[in-house]
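Okay, here's what each chain looks like letter by letter:
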Amino acid sequence: MSWLIDPFADFVFMQRALLGCIAISLGATPVGVFLLLRRMSLTGDAMAHAILPGAAVGYLVAGLNLGAMTIGGVVAGLIVAVLTGAVARFTALREDASLAAFYLISLALGVLLVSLKGSNVDLMHVLFGTVLALDDAALTLLCAITTFTLVALAMVFRPLVLECADPRFLASVSRWSGPVHFLFLGLVVLNLVAGFQALGTLMAVGIMILPAAAARFWANSIGGMLAVAATVVAVSSVAGLLASFHAGLPSGPAIILAAGTLYLLSLAFGPSGSLAARYWPRAHLEA
Amino acid sequence: MALRIRDLTLGYDRHPAVHHLDLDLAPGSLTAVVGPNGAGKSTLLKGLTGELAPLEGCIDRGVARLAYLPQLSEVDRSFPIAVGAFVAMGLWHRVGAFGRVGGQDAARVAEALAAVGLTGFDKRPISALSGGQVQRVMFARLLLQDADLILLDEPFTALDIKTAADLLAVVQRWHGQGRTVLAVLHDIEAVRRHFPETLLLAREKVAHGATDTVLTAENLFRARQMSEAFDDTANVCVRPATRGAA
């Protein structure tokens, strides 16, 4: 068992990495569950790309500085989210096409800015994160974003569920439809920005979507999905960090691949709607 | 009046789907809206809910609360939510976004499920329901909305006889409670039997009043003469407002 415990007991950087991963997961995973249920799984991916130019501007201004890159990322993400929503509501273009257009513009701008200054190593930091080198400020930021996310989700839980399940009904009984949609997109952006510190812009989406997708094969209620997704993410954080420690693998991809493995196992063997449920159904009931 | 409509024109891309409609609904009236496909029936309901803004004219809803059952609902039936929780959303006017759903509310949900014949379904996910059961669920939610004006768009289409009869009983219960109900229907015989008043619509109002005076062979023939297609070369409509003429 020492290989399981010792890395976390002996090395402070592993403890910080684990804390960072758990913090990101607790906030990002419920957001991911709602993204999945709203059929917006790829929106998270597009948003992650959209954040890049903001982080790049922050990096150009202040170097590898947490605050500047975070503010830049949040601003870029929110601009893309608001522009996307506005174009979808006021023109003939649908939300998916509108988002695709803006995130591609944003991504190209981001790559351009990163390559203007700095080496490829810096670009790799932004793209793949540095979970093994989280400082106090980064940890505080991650925990703050997660706290804010959980409080916000708890407050708008009812309108958010209704916006997913029956948006037309929500619009007919209240004015929540627009606000809850934009607030939710805001939470997506915030959590992606939190995620890219540790896991990088590209990997941050994985911690959102993979646990949610795995949970769909285990639970038939939102509460159940949230619980399963949180468990998946905790297990994959520990497994990924251990794999990274013992085998010298990059930590971000290792964590996401651990989550991906759990997703594939769920896909194959989960009790609800999985391949096993389809091809080896349990005996049916009388009524 | 529960509803007063004056010179209402609703449409899409400037083409009228409901054209210069005047209509008064008395409080507590039970009215069927009848007409061929493309007559503007669903469009009229969308105008009444505010989903579609009038191109001309005005709608005065003299009542506080409105409930609406659309023809094509946008319910995501794969969403993991139980029947009881879904139906409880009809209590929105009481609990809003943050209010507590208490014991009394749970009793109301159980009562609404019983009224539509779905006792014992409250824990079942909506994804496991049949089409008819979904329509029963929608009616249970409408019951909880406790609305003064209830708009139903083809509520009995594609239902078996028993389900349609059960849900018709719910409509008659609303009528007995003095609520104003406006329902789009295609089954003329059912309208004759169960709906005291009828609006016969063919883009314009063909007739409105007591059902047996509206659903005459002559009126139905006139309604069928309506051309369904929009005329792309039509001129701008300059018909003077009929305000006060109704």
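**So, the overall build of chain B**
Helix and strand content of chain B: nine helices and nine strands. For chain B, whose C-alpha radius of gyration is 19 Å, the value lies close to the compact-globule estimate of 18 Å for 246 residues. For the C-alpha atoms alone, the extent of chain B along its principal axes is close to 55 × 40 × 35 Å. A separation of at least 24 residues holds for 70% of the contacts in chain B among residues at least 6 apart in sequence. Counting only carbon and sulfur atoms, one obtains 51% of the accessible surface of chain B, whose full area is about 11,400 Å². Of the side chains in chain B, 26 bear a positive and 27 a negative charge, and the two mean positions are spaced by 5 Å.

**Some points on the interface of chain B and chain A**
Each partner contributes to the interface: chain B provides 25 residues, whereas chain A provides 22 residues. Across the chain B to chain A interface the summed buried area is about 2,100 Å²; carbon plus sulfur atoms make up 61%. Per-residue buried area on chain B facing chain A is highest for B:F79, B:P80 and B:W92; these three make up 34% of the total on that side. Between the two partners, chain B and chain A, sit three salt bridges. Sort the elements by how many residues they give to the side of chain B that touches chain A and helix α5 (residues 131-145) of chain B lands first, with three residues. Residues of the side of chain B that touches chain A, tallied by class, amount to 15 nonpolar, five polar and five charged.

**Focus on the sheet that holds strand β7 (residues 180-184) of chain B**
Residue and element names in this part refer to chain B. Reading across from one edge, β5-β6-β7-β3-β8-β9 is the order of the six strands in this open sheet, with mixed pairing throughout. The open sheet has two edge strands, β5 (66-69) and β9 (204-210), and neither has a second partner. Strand-to-strand twist in this sheet, taken as the mean axis angle between neighbours without regard to direction, amounts to 15°. When strand β3 (residues 30-34) meets strand β8 (residues 197-202), the two strands line up parallel, connected through four bridges. Considered in β8, the bridge of A32 is made with T198. Set on the sheet, helix α1 (residues 41-49) makes contact with β3, β5, β6 (149-153), β7 and β8; between it and β6 the angle comes to about 150°. Against the sheet, helix α6 (residues 161-176) engages β3, β6 and β7, with an angle of about 155° to β6.

**Here we look at unusual backbone geometry**
Residue and element names in this part refer to chain B. In this structure, D146 takes a positive phi of about 50° despite not being glycine. You can see D146 is positioned in the loop between α5 and β6. Located in the positive-phi region is A158, a residue other than glycine, with phi close to 65°. With respect to the helices, strands and loops of the structure, A158 is situated in the loop between β6 and α6.

**Comments concerning the packing of helix α2 (residues 12-37) of chain A against helix α11 (residues 201-215) of chain A**
Residue and element names in this part refer to chain A. Relative orientation of the contacting elements α2 and α11 amounts to 60°, with a least axis distance of 7 Å. The angle between α2 and α11 places the two elements in the oblique class. Like other packed secondary-structure pairs, α2 and α11 cross with a definite hand, here right-handed. Contacts from I24, S25, A28, T29, V31, G32, V33, L35 and L36 in α2 reach I207, M208, I209, P211, A212 and A213 in α11.

**Focus: the sheet that holds strand β4 (residues 56-61) of chain B**
All names here are of chain B. One open sheet holds the three strands; their spatial order is β2-β1-β4, and the pairing between them is antiparallel. Looking at strand neighbours, the two that pair on one side only are β2 (15-25) and β4, the edges of this open sheet. Within this sheet the neighbouring strands show an average axis-to-axis angle of 25°, counted without direction. Judged from the five bridges that link them, strand β1 (residues 3-12) and β4 form a sheet pairing that is antiparallel. Within the sheet, the bridge partner assigned to T9 lies in β4 and is E56. Strands in contact with α1 are β1, β2 and β4; relative to β1, the strand with the most contacts, it is inclined by about 115°.

**Concerning the pairing of β5(B)**
Remark: a regular strand shows side chains that alternate across the two faces of the sheet. Residue and element names in this part refer to chain B. Burial of β5 is two-sided: the residues L66 and Y68 facing one way and the residues A67 and L69 facing the other way are all buried. The sheet contact formed by β5 and β6 spans four bridges and is parallel. Residue Y68 lies in a different strand from β6, and its bridge partner there is L151.

Conventions adopted
- Residues numbered from 1 in each chain as written.
- Chains lettered and ligands numbered in written order.
- Predicted model: local features only at pLDDT ≥ 70, side-chain atom pairs only at ≥ 80, totals over all residues.
- Heavy atoms only, no water.
- Helix = DSSP H or I, 4+ residues; strand = E, 2+ residues; numbered from the N terminus.
- Rg over C-alpha atoms; globule rule 2.2 N^0.38 Å.
- Contact = heavy atoms within 4.5 Å.
- Areas by Shrake-Rupley, 256 points an atom, 1.4 Å probe, with all protein chains shown as cover.
- Lys, Arg positive; Asp, Glu negative; His and termini not counted.
- Charge placed at Lys NZ, Arg CZ, Asp CG, Glu CD.
- Buried area = accessible area lost by both parts, 1.4 Å probe.
- Salt bridge = Lys/Arg side-chain N within 4 Å of Asp/Glu carboxyl O.
- Nonpolar A, V, L, I, M, F, W, Y, C, P; charged D, E, K, R; others polar.
- Pairing = 2+ DSSP bridges.
- Axes fitted to C-alpha atoms, helices over the stretch in contact; angles between N-to-C directions.
- Parallel < 35°, antiparallel > 145°, perpendicular 65-115°, else oblique.
- Left-handed = near helix turned anticlockwise from the far one by under 90°.
- Buried < 20%, exposed > 50% of the residue type's maximum accessible area, 1.4 Å probe, protein only.

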